[in-house]
Each structure stands twice: as C-alpha cells, then as structure tokens.
Amino acid sequence: MKKDDAAGKTRRQIYEEKLRRRSLLIAGTSTVFAFLAVVVLVPLAPGWEKVKASFFNREVFVETFPKLLDAFLIDVMIFVWCAPAITALGLLIALARDVQSPALFPLRIFGAFYTDIFRGVPVVLTVYLIGFGIPGLGLPRPFNSPYIWGSLALILTYSAYVAEIFRSGIEAVHKSQRSAAQSLGLTDGDTMRFVILPQAIRQVIPSQMNMFIALQKDVALLSFIGPVEIFRQAGVFKSLMANFTPYVGAALIFLAVTVPATRYADYLLAKQNKERS
Amino acid sequence: MAKLSLRGVVKRFGENTVCDGIDLEVEEGQMVCLIGASGAGKSTVLRCVNLLEPIEDGEIFLDGVDISVPGLNPQPVRRRIGMVFQSYNLFPHMTAMENVMLAPRRVYGKSREELRPEIAELFTRFGLADRMEHYPDQLSGGQQQRVAIVRALAMKPEVMLFDEITSALDPQLVGEVLDVLRLLKESGMTMVLATHEMGFAREAADKVCFLKDGRILEEGSPETLFGAPKHPETKEFLARSLK
Ligand SMILES: Nc1ncnc2c1ncn2[C@@H]1O[C@H](COP(=O)(O)OP(=O)(O)OP(=O)(O)O)[C@@H](O)[C@H]1O
Ligand SMILES: [Mg+2]
C-alpha cells in the first residue's frame, strides 16, 4: 500500500475522508437553513400568533405534561400485557401455517384465513367491533371491561402481522437445514424447535421490534372505547382548557419512546446485514 | 442379502421424471459411487433412500425390509441411514459439539455428559479435537464437512450417504475430506456417494454407477467402468470429466 502522508493514510483513505467532510458540510448547512426558514418564516404567517397560543402554550404544557405522563403509564401497561400474548399467538399461527403433515392441512387453512382476516381490517374497526360488540352482550363485571376487549382486538390484529413476520423468517432459513435435521432422525417438531426457529427468530427481531413500536402507538386507539389513556387524557385537557397544547405534549411523549426504539431496531438490522455479507 | 437395494425406483417432480426406474444393490461394507452430469438425478436418489422424498413407484429395502412403504414413519429409518450434504449443512447457531449432540440427545434421550466422551473421541479421530467448541462460521469448509460427518456418525448409522460433499470446497481442502471417507471405508461402513471426484471413485469405490436422465446407464467395478466403458454415453461423459 502506498502511504502518502505523515499519519500513514493511503490515498483512498484521504479521498474518502474528504468526501465525508464535504457531505457533512452540505448536510449541516442545509439543516441550518431549513431550521432558520421554519423559525423565521412560520412566525410571519398571519395565523401564527393564534397557532402558537393554542398549540405551544407554555403554561398549559407545564400544567398538563405530568398528568399526561401518568396517563401514558396506562398505554405502557396495555402494551406490556398485549406484547407477550401477541408474540405467543403470532408464533402459534406461524407454526400452524407451516405444518408439514397432510393430516393437519386444516390448520394451515385456518392460519391463512386468520392472517388474511385480521390484516385486512383496519385496526380501529376491529377495536370498535370487539370493544363495543362483546361487552354489548351484557356480560357481568369485570368481563365487560373495555380494557379486556380492546386489548383482545389489538392482540388479534397484531398477532396476524407478527405471524407473517415469523413465517417469513421460517421460510428464509435454507431448506437444506430442514433436510439436515430430518436426515438425523429428528422429528418435525424437534426440527422446528431446535434448528429452524432459533435461526428464524434471530432473523426477524428487527422487523418484530418495528411491529411492537407500531403497537405502542396503536394502543391509543383504545381511547375510542373507554380507557383514559394518554390520547384520551390529552383530549380531556383540550376541552377543559380550550387549548391543543396537550396533544403536542402527548406527541412528544410518544416520540421519546418510539424514536430510540426505532433507532435501535435499525441498528440491529444494519448489524445483521453486515454479518450476512 | 444386500444391505441396501433399490428396485425400479421412480421419482417425479410434477411432470419431470427425475428417477426413472433405478435398480441398485449395495452390499454390506461396500462403497458405491454415483457419477453423472449435473441434473442426472444423483442427489435425488440419495434423498429418496433417506426418505427425504417420497417415491412414486418401486421399492427400497434396508436389510431386506421395505422402507418405502407409504405412510411408514420415516424417523426410525433415517436414524439408521446417515447423510451428509454438499453445503449449508451444519446448524449455524450451534457449536460443533452442540451440532453433533443434538440428535443423539433428542432421539436417543442421552445426556450431554453421557455423550461427551464418545463424541470427543470421534472428533479426535477425524482431526477436530481442537474445534469442538467452534461455531460453523469459525471453521474452514473442510472442517465443517468433517463435523457434518461426525454428526451423522454420532447416530451410529448402518449406511452413510454422501452428496457431493467435496464440491463446495477449495481444492486444497478436498483431500482431508476424502481421507475421512477412506477411514470410514476401512472401518467397514456401507456408503453411497454422489461425486464428481473421478480419481477418488476410481481408486476407492467397489462399484461405480453412471446416471443419465434418472437411469443407471452402466455400472461396474471402477476398473471396467473407467477402463473399458461399454456405453457410448459413458465414454463421452468420462472423456469430458477426466479432461
Ligand atoms: N425439489 C425439487 N423440485 C423440483 N425439481 C427438482 C427438485 N429437486 C431436484 N429436481 C430436479 O431433478 C433433477 C435432478 O436433480 P438432482 O439434484 O438429483 O441432480 P444431480 O445429479 O444431483 O445434479 P448435480 O450434479 O447438479 O447435483 C433436476 O432436473 C432438478 O431440477
Ligand atoms: Mg446433486
């Protein structure tokens, strides 16, 4: 390798560094300009003073933010009991769609049917139908709780998506892995459990993380059927104070959770891609 | 009685007849090599013998017992017939030792402690004593194939099937894997190989079969098949592959 300067860098390294510096400069300058444009131009708009007062009101923000945080705990709670149920059910559905034995063919059909149905209906509709429909049967307390049926709606919907991701992972494991396991005399169940699934699950962790980030956001849909979680709480404050700032507070709270999670999922994905190449 | 015998085995994939009436006898302790161009059906024959593919017609006998009966549970048969593939063979999420232990643990219900000494001995015998705790991607291709052979042997099979196990290897690694096959032959293992290694087949096989379009066109001892092939197609294939 030809060394060109005192630090012992190659020509290529020097060239790449120059490129990197230049693109950083471009990105930095354009960000600053875009930011300035927003900060300078938006306040010039005729309605800005009104928007500022109703969306970015400091007093309202300070007063409502802690209570929004409390309400967000309900979102987190619903997430915490839905996520394991979704993982388990999603895995079961994915396995049902992969059964090899012809005798269990109906299971495959059921799995396909299930994922088609629940991926085909908007989440909010499923939440409405199950969340209002089932308690409408006149069930006694606590079985009429919207928490139960709203959560069920989320579990049914999200497990359909999660099942599809698991299935894509299972299919991505090379066929010869199955042959190799079977040639050793392992049963189909052991082949799946010890050989296919561990590889499939590792493969789909980033995608599943993105799914669960979406779930955390969609928990807010339960507000339509009763639970006073963060979105509903923000709505209550909005009516009380005739001000939209609580919605901005709620959005910030969601972002504080979802942005790091999304970054982490992307990081995992990038790491996997690097390992594979 | 032959250890393994195939009678009129037919295998189709849709309209495509891949095995078109295969007859083959493998005696106890014999090494039989299947040669032929790509797509001739060598891999498929081996996969059928291991019951990885159901056959449309014909019978396969192991020790005189028909193992190709439709509806037969394939697992007990597969335990008696080991198979090693061309590539993507080891389980990448397990160390070499775990790869080898998995099947004996699950199928024979043996414990790790029970298995460890005998498996360590197998590793040692095949020159892998210092590779037992490595993951497949930390091993060379030749080492991976030897681990795959050890993994199949740990089930104590009576017959071993090898599907072009050297063709994904760098030329300088082929030798170490072929040495393992010689070792196995000395120990009296019954083996069927699909192979492109003509030199090895000529030197080590007891019988060589030339496949073309799902049929065995010609078979015989390596001396006659390589030295004086009768069928023009065999001659042409050998002329091409020995070049
Ligand atoms: N699972 C499958 N589905 C459909 N067709 C298949 C399948 N497996 C093999 N075939 C076809 O069967 C034919 C024989 O394949 P096979 O792999 O047995 O050949 P081979 O002699 O082992 O060739 P090679 O030397 O390339 O390994 C090929 O035409 C192939 O396309
Ligand atoms: Mg082949």
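Residues numbered from 1 in each chain as written. Chains lettered and ligands numbered in written order. Predicted model: local features only at pLDDT ≥ 70, side-chain atom pairs only at ≥ 80, totals over all residues. Heavy atoms only, no water.

1. Brief notes about a nonpolar patch on the surface
Then step 1. A cluster of nonpolar side chains, namely Val32(A), Phe35(A), Leu36(A), Val38(A), Val39(A), Val40(A), Leu41(A), Val42(A) and Leu44(A), defines an oily patch on the protein surface of about 840 Å² accessible area.
Then step 2. Looking at the secondary structure, you find Leu41(A) in helix H1 (residues 11-41). (Patch = residues over 30% accessible without salt bridge, like charges linked within 9 Å, V, L, I, M, F, W, Y side chains within 5 Å. Areas by Shrake-Rupley, 256 points an atom, 1.4 Å probe, with all protein chains shown as cover. Salt bridge = Lys/Arg side-chain N within 4 Å of Asp/Glu carboxyl O. Helix = DSSP H or I, 4+ residues; strand = E, 2+ residues; numbered from the N terminus.)

2. Description of the sheet that holds strand E6 (residues 81-84) of chain B
Residue and element names in this part refer to chain B.
Then step 1. On the basis of which strands lie adjacent, the open sheet formed by 6 strands has the order E6-E7-E8-E3-E9-E10 and mixed pairing. If you trace the sheet from one side to the other, it starts and ends with E6 and strand E10 (215-220), each paired once. Across the sheet, the axes of successive neighbouring strands diverge by a mean angle of 20°, strand direction being ignored.
Then step 2. Pairing between E6 and strand E7 (residues 159-163): 4 bridges, direction parallel. Along E7, the bridge assignment pairs valine 84 with phenylalanine 162.
Then step 3. Running at roughly 150° to E7, helix H1 (residues 42-49) makes contact with strand E3 (31-35), E6, E7, strand E8 (190-194) and strand E9 (207-212) of the sheet.
Then step 4. Docked against the sheet, helix H9 (residues 232-241) engages E3, E9 and E10, running at close to 100° with respect to E9. (Pairing = 2+ DSSP bridges. Axes fitted to C-alpha atoms, helices over the stretch in contact; angles between N-to-C directions. Contact = heavy atoms within 4.5 Å.)

3. Focus: H9(B)
All names here are of chain B.
Then step 1. Among the residues making up H9, those that are buried are Thr234, Phe237 and Leu238. Buried residues of H9 fall within an arc of 95° about the axis and therefore sit on the same side.
Then step 2. Where H9 is buried, its residues touch E3, helix H7 (198-204), E9, E10 and helix H8 (222-227). (Buried < 20%, exposed > 50% of the residue type's maximum accessible area, 1.4 Å probe, protein only. Arc of directions from axis to C-beta.)

4. Side note on the pattern of salt bridges
All names here are of chain B.
Then step 1. Enumeration according to the criterion identifies 31 salt bridges over all chains in this entry.
Then step 2. Ionic pairing is found between arginine 146 and glutamate 176, a salt bridge with its closest N-O pair at 2.8 Å. Within this pair, whereas arginine 146 is found in helix H5 (residues 141-153), its partner glutamate 176 is found in helix H6 (residues 171-186), the two being separated by 30 residues in sequence.
Then step 3. Look at arginine 146 and you get buried, because its relative accessible area is 9%.
Then step 4. Its relative accessible area of 24% is what places glutamate 176 among the partly exposed residues.
Then step 5. Between aspartate 179 and arginine 182 there is a salt bridge, and its shortest N-O distance comes to 2.7 Å. Of this pair, aspartate 179 and arginine 182 are both found in helix H6, 3 residues apart, which corresponds to roughly one turn of the helix.
Then step 6. Residue class for aspartate 179 comes out partly exposed when judged on its relative accessible area of 42%.
Then step 7. On the accessibility criterion, arginine 182 (26% relative accessible area) is partly exposed.

5. Remarks on the packing of aromatic side chains
Residues and elements named next belong to chain A.
Then step 1. The tally for this structure, following the rule as stated, stands at 15 aromatic pairs over all chains.
Then step 2. When the ring of phenylalanine 72 is compared with that of phenylalanine 254, the centres are 5.4 Å apart and the planes differ by 85°; the resulting orientation is edge-to-face. You can see phenylalanine 72 sitting in helix H3 (residues 58-98) and its partner phenylalanine 254 sitting in helix H10 (residues 245-276), a full 182 residues away along the chain. Just as phenylalanine 72 is buried, phenylalanine 254 falls in that class too.
Then step 3. Ring plane angle 75° and centroid distance 6.4 Å describe the contact between phenylalanine 224 and phenylalanine 231, whose orientation is recorded as edge-to-face. (Phe/Tyr/Trp six-rings, centres within 6.5 Å; stacked < 30°, edge-to-face > 60°.)

6. Digging into the domain arrangement of chain A
Then step 1. Along its sequence, chain A is organised into domain 1 (3-44) and domain 2 (56-276).
Then step 2. Taking only C-alpha atoms into account, the centre of domain 1 of chain A sits 39 Å from that of domain 2 of chain A. (Domains from an automatic or database assignment.)

7. Quick look at the sheet that holds strand E4 (residues 57-62) of chain B
Residues and elements named next belong to chain B.
Then step 1. Taken together, the 4 strands give an open sheet; going across it, the order is E2-E1-E4-E5, and neighbouring strands pair in antiparallel fashion. For this open sheet the edge positions go to strand E2 (16-26) and strand E5 (65-66), each flanked by a neighbour on one side alone.
Then step 2. Pairing geometry for strand E1 (residues 4-13) and E2, over 8 bridges, is antiparallel. Along E2, the bridge assignment pairs phenylalanine 13 with asparagine 16.
Then step 3. Each of E1, E2 and E4 touches H1; the most contacted strand, E1, lies at about 115° to it.

8. Examining the nonpolar core
Then step 1. Ile35(B), Phe123(B), Ile149(B), Met160(B) and Phe162(B) are the most contacted members of the largest nonpolar core, which totals 50 residues.
Then step 2. Sort the elements by how many residues they give to this core and H6(B) lands first, with 7 residues.
Then step 3. For Phe123(B), the residues in contact, after removing those within four places along its chain, are Ala96(B), Met97(B), Val100(B), Leu128(B), Ala129(B), Met132(B), Val147(B) and Val150(B).
Then step 4. Leu197(A), Met94(B), Leu161(B) and Cys209(B) belong to the second largest nonpolar core, which has 49 residues in total. (Core = buried A, V, L, I, M, F, W, Y, C linked by side-chain atoms within 4.5 Å.)

9. A few points about the UniProt feature "transmembrane region" (unreviewed entry) in chain A
Then step 1. Within this numbering scheme, the UniProt entry marks residues 24-48, 68-96, 117-135, 147-166 and 240-259 of chain A as carrying the feature "transmembrane region" (unreviewed entry).
Then step 2. The span residues 68-96 of chain A shows a helical share of 100% and a strand share of 0%, and its end C-alpha atoms are spaced 41 Å apart. (UniProt positions renumbered as here; feature names shortened; annotations may be inferred.)

10. Let's talk about H5(B)
All names here are of chain B.
Then step 1. End to end, H5 covers 18 Å across 13 residues, agreeing with the expected 18 Å (1.5 Å per residue, within 8%).
Then step 2. H5 sits mainly inside the fold: 11 of its 13 residues count as buried.
Then step 3. Three or more residues of H5 are buried, namely Gly142, Gln143, Gln145, Arg146, Val147, Ala148, Ile149, Val150, Arg151, Ala152 and Leu153. (Expected span 1.5 Å × (residues − 1).)

11. Concerning the site of ligand 1
Residue and element names in this part refer to chain B.
Then step 1. Not every one of the 13 residues close to ligand 1 is listed here, only the nearest: Ser38, Gly39, Lys42, Ser43 and Thr44.
Then step 2. At a separation of 2.9 Å, an oxygen atom of ligand 1 approaches a polar backbone atom of glycine 41.
Then step 3. Lysine 42 has a polar side-chain atom sitting 2.8 Å from an oxygen atom of ligand 1.
Then step 4. Burial of ligand 1 by the protein amounts to 60% of the accessible area it has alone, namely 630 Å².
Then step 5. Broken down by secondary-structure element, the contributors of at least two residues to the shell around ligand 1 are E2 and H1.
Then step 6. Broken down by element, the residue count for the shell around ligand 1 peaks at 3 residues, all from H1.
Then step 7. Residue classes in the shell around ligand 1 are distributed as 4 nonpolar, 7 polar and 2 charged. (Near = heavy atom within 4 Å. Polar contact = N/O pair within 3.5 Å; in protein donor to acceptor, adjacent residues only side chain to side chain. Nonpolar A, V, L, I, M, F, W, Y, C, P; charged D, E, K, R; others polar.)

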